[in-house]
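Structural overview for review
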Amino acid sequence: MKIISSILFLFGSIGFLGAQQAYDVCDQALEICPNSPLNVNTIGASSCTSCADDASSCFVTQNSIWLKFTSDANGGDASIDLSNFNFQNGAAFQAVLFETANGCDANGLTVVSTCESNITTNFTLNAFGLGANQNYLLLINGSGGAEGSLDVNLSGTAVEPDPAQLQITYENTIICAGDEVSINASISDCDTNEVNWYINGNFIESNTQGVFTTSDLQDGDVVTADIHCFAPCDQVFASNAIAFTVNGYSVYAGVDRTIELGEDTKLNASTNAPTFTWFPTIGMKYPDNIQPFVEPKQTTTYTLTVTDGNCTSSDEVVVTVDSPLDIKNTFTPNNDGNNDTWEIEGIEKYPDCKVEIFNRWGQVVFQKTGYNKEEEWDGMHKGQNLPAGVYYYVIYLTQEEDEKPLKGHINLIR
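As the structure is a computational prediction, the values presented were derived from the model and not from experiment. (Residues numbered from 1 in each chain as written. Predicted model: local features only at pLDDT ≥ 70, side-chain atom pairs only at ≥ 80, totals over all residues. Heavy atoms only, no water.)

Applying the stated criterion across every chain yields a total of six disulfides. In this model, C58 is linked to C115 through a disulfide, with the two sulfur atoms separated by 2.0 Å. Note on the C58 and C115 pair: the S-S dihedral is about -85 degrees, so by sign convention the disulfide is left-handed. Of this pair, C58 sits in the loop between β2 (38-41) and β3 (64-70) while C115 is found in the loop between β6 (109-111) and β7 (116-119), placing the two residues 57 residues apart along the sequence. Among the residues examined, C58 registers a relative accessible area of 40% and is labelled partly exposed. Between the sulfur atoms of C176 and its disulfide partner C311 the distance amounts to 2.0 Å. Since a negative S-S torsion denotes a left-handed disulfide, the C176-C311 link at about -70 degrees is left-handed. In this pair, C176 is assigned in strand β12 (residues 174-176) and C311 in the loop between β28 (300-307) and β29 (312-322), connecting sequence segments 135 residues apart. Taken as a pair, C176 and C311 share a single burial class, namely buried. (Disulfide = S-S within 2.5 Å. Helix = DSSP H or I, 4+ residues; strand = E, 2+ residues; numbered from the N terminus. Buried < 20%, exposed > 50% of the residue type's maximum accessible area, 1.4 Å probe, protein only.)

Printed below as a string of structure tokens:
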């Protein structure tokens, strides 16, 4: 039995030593928040000389711990309830509240509450007329080396700031599908401007701009927001709710695509509208289908549009065409057999193309349908060499009516 008792004593000592709290040092004081009971203990706590423990009070410090709080913007009275004592040894606690002028410097600590000593049951510290935005330190001491735990609860006008207000507004809650709306937030009596935004209770984003912008609202969606104020003792304040009526039809033109020249691709569009229109219809097969196939000759943006008579909604899809054309912007027609003509690599894939070249006054100096290597422009017009300078080209890859031409400039060097 002696061996067992020794082992138990050893483990008990290890647990006792390991239980020491960091907040038995003033500069590591534990933050306490109003109306949020906190369980603390003095087990293993120690006291020191030439530190905050030397501050003048109605008791001698021993096994002391420190807690802290900051008063609100109004200041006022504070009460600190200490209860639910549970002693490991000893039978009494002691406590006092200090106002601090210089952190944990004992010479800068001023008693601002009742000072309670050798208390064996629940008690309350009262402090009156506390200053606004002032730092305070609470010292709790084990009387005569007492060690144990207790609950601490802070309350009072000095630590209960005026409730923050968050109001969100939008002028007209009846909108069209796809409309971009910007909802404004107005904040008062909060120490932060970061707002959390929600749609139907689902978190969307946080920002500090005071505005939430979205174009994804659906009929019946409800937008709300909240803010967290008074750090480090966070309090959450919710906004009013804004419910939206969304008219019109949904429209989705599909994901952007990239194809090789000569390939086609299907536009995976969707809508719940009974009618719709695509624009443009260049290279589009069956434009009356919601999911047409397209084979554009160059990069094209297709727009799907629907309307219900009041609201018009549209969405775009970009089909990028990887074209093999390599249009040279410089040539030297000096009959040296090198770079004597204006070369357009890959143009032979467009047998119906139309090429036009203009001088700086807008006069046509070259025009050809079906540009090829045998008939490349050689810098001449009507049998005469044109002077060196900058010329401008327009290339129509096909003869479709809505075709957008390729444009650029050429440097003719002699």
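Attention now goes to the layout of surface pockets. It is the rolling of a water-molecule-sized probe over the atoms that shows where space remains empty. In this structure, the largest pocket occupies an estimated 430 Å³ of space. If you trace the largest pocket, you find 23 residues lining it, with T70, S71, D72, P161 and F230 closest to the centre. Put simply, the second largest pocket is a space of about 290 Å³. Lining the second largest pocket we find 17 residues, and of these A177, G178, Y249, S250 and V251 sit closest to its centre. Of all elements in the fold, only β20 (245-247) and β29 reach the threshold of two or more residues within the lining of the second largest pocket. Ranked by residue count, the leading element in the lining of the second largest pocket is β29, at three residues. (1 Å grid on protein atoms, 1.4 Å probe; cavity = no way out; pocket = protein on both sides within 12 Å on 5 of 7 lines; lining within 4 Å. Points joined across faces, edges and corners; volume = space filled by probe spheres on them.)

This part takes up the pattern of salt bridges. It is possible for side chains bearing opposite charge to pair when their charged atoms get close. All told, the structure shown has seven salt bridges when counted by the stated rule. Among the salt bridges present, the one from D264 reaches K285, with a minimum N-O distance of 3.4 Å. Of the two residues, D264 sits in the loop between β22 (257-260) and β23 (265-266) while K285 sits in strand β26 (residues 284-285), which places them 21 residues apart along the sequence. Judged by its relative accessible area of 34%, K285 falls in the partly exposed class. Taking the shortest distance from any N to any O, the salt bridge between D326 and K328 comes out at 3.2 Å. Since its relative accessible area comes to 31%, D326 is described here as partly exposed. Residue class for K328 comes out partly exposed when judged on its relative accessible area of 29%. Because the salt bridges share partners, they merge into one network encompassing D264, K285 and E295. (Salt bridge = Lys/Arg side-chain N within 4 Å of Asp/Glu carboxyl O.)

Attention now moves to the sheet that holds strand β38 (residues 406-412). In a beta sheet, neighbouring strands pair by backbone hydrogen bonds and run either parallel or antiparallel. Across the sheet, five strands lie side by side as β31-β38-β37-β33-β34; this open sheet has mixed pairing. On the outer flanks of this sheet lie β31 (330-331) and β34 (364-369), each paired with one strand and no other. Where strand β37 (residues 389-396) and β38 come together, seven bridges link them in antiparallel fashion. Paired with Y393 across the bridge in β38 is G408. (Pairing = 2+ DSSP bridges.)

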